[in-house]
Amino acid sequence: NVSEGSSSNNASSEIERLELILKHVQGIKHVLGEYIHLIIPALIQLTESLIAPVTDGVRISPKSGSGICHVAVETVETVTILLQTIELNSNPLDNNIKSN
């Protein structure tokens, strides 16, 4: 079916775009500090829409080891890195040093 091939290519393209976004976000994590509350939910929502699309009201789970699973893991890693960046930037010792 031509539409299935087209939809598969479109999904692959979207996954590749998400992978690029994740790599760039990881690279500029320190600049994003103020916006993490916006970025993390958007990344999760985008990833969820790509890895578990709803077809005819039924959610389809990806196959283990697939590219879709890889991008899901990469999203979790990116979110973890962003959250660790928040923790580092909000270190109470830093605040004490700045106030002195």
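Procedures and definitions
- Residues numbered from 1 in each chain as written.
- Predicted model: local features only at pLDDT ≥ 70, side-chain atom pairs only at ≥ 80, totals over all residues.
- Heavy atoms only, no water.
- Helix = DSSP H or I, 4+ residues; strand = E, 2+ residues; numbered from the N terminus.
- Contact = heavy atoms within 4.5 Å.
- Areas by Shrake-Rupley, 256 points an atom, 1.4 Å probe, with all protein chains shown as cover.
- Salt bridge = Lys/Arg side-chain N within 4 Å of Asp/Glu carboxyl O.
- Core = buried A, V, L, I, M, F, W, Y, C linked by side-chain atoms within 4.5 Å.
- Buried < 20%, exposed > 50% of the residue type's maximum accessible area, 1.4 Å probe, protein only.
- pLDDT = per-residue confidence, 0-100.
- Lys, Arg positive; Asp, Glu negative; His and termini not counted.

To continue, consider the overall build of the chain. For the chain, the count of helices and strands is 4 helices and 2 strands. Taking the intrachain contacts of the chain between residues at least 6 apart in sequence as the baseline, contacts between residues at least 24 apart amount to 68%. Accessible area for the chain stands at about 7,200 Å²; split by element, carbon and sulfur atoms hold 58% of it.

In total, this model carries 1 salt bridge according to the counting rule given. Among the salt bridges present, the one from Glu 14 reaches Arg 17, with a minimum N-O distance of 3.1 Å. Taken as a pair, Glu 14 and Arg 17 lie in helix 1 (residues 2-27) at a separation of 3 residues, close to a single helical turn.

Okay, the nonpolar core next. In this structure, Leu 18, Leu 32, Leu 43, Val 71 and Leu 82 are the most contacted members of the largest nonpolar core, which totals 16 residues. In terms of residue count, the dominant contributor to this core is helix 2 (residues 36-51) (6 residues). Not counting chain neighbours up to four residues away, the residues in contact with Leu 32 comprise Val 25, Ile 39 and Leu 82.

On to the confidence of the model for the chain, then. With 67% of its residues at a pLDDT of at least 70, the chain reaches an overall mean of 76. Here helix 4 (residues 92-99) is the element of the chain with the lowest mean pLDDT, 51, and helix 2 is the one with the highest, 87.

Moving on to the side chain of Glu 19. In this fold, Glu 19 is placed in helix 1. It is Lys 23 that comes nearest to the buried, bridge-free Glu 19 among opposite-charge side chains, at 5.7 Å. Look past the residues within four positions of Glu 19 in its chain and what remains in contact with it is His 70, Val 71 and Glu 74.

Summarising the element assignment, Ile 21 is placed in helix 1. According to the relative accessible area criterion, Ile 21 is partly exposed, its value standing at 37%. For the pair Ile 21 and Thr 75, spaced 54 residues apart in sequence, the C-alpha to C-alpha distance is 9.7 Å. If we skip the residues at most four places from it in the chain, Ile 21 touches Leu 43 and Leu 46.

Now for the environment of His 24. Inspection of the secondary structure assignment puts His 24 in helix 1. Separated by 54 residues in the primary sequence, His 24 and Thr 78 have C-alpha atoms spaced 9.9 Å apart.

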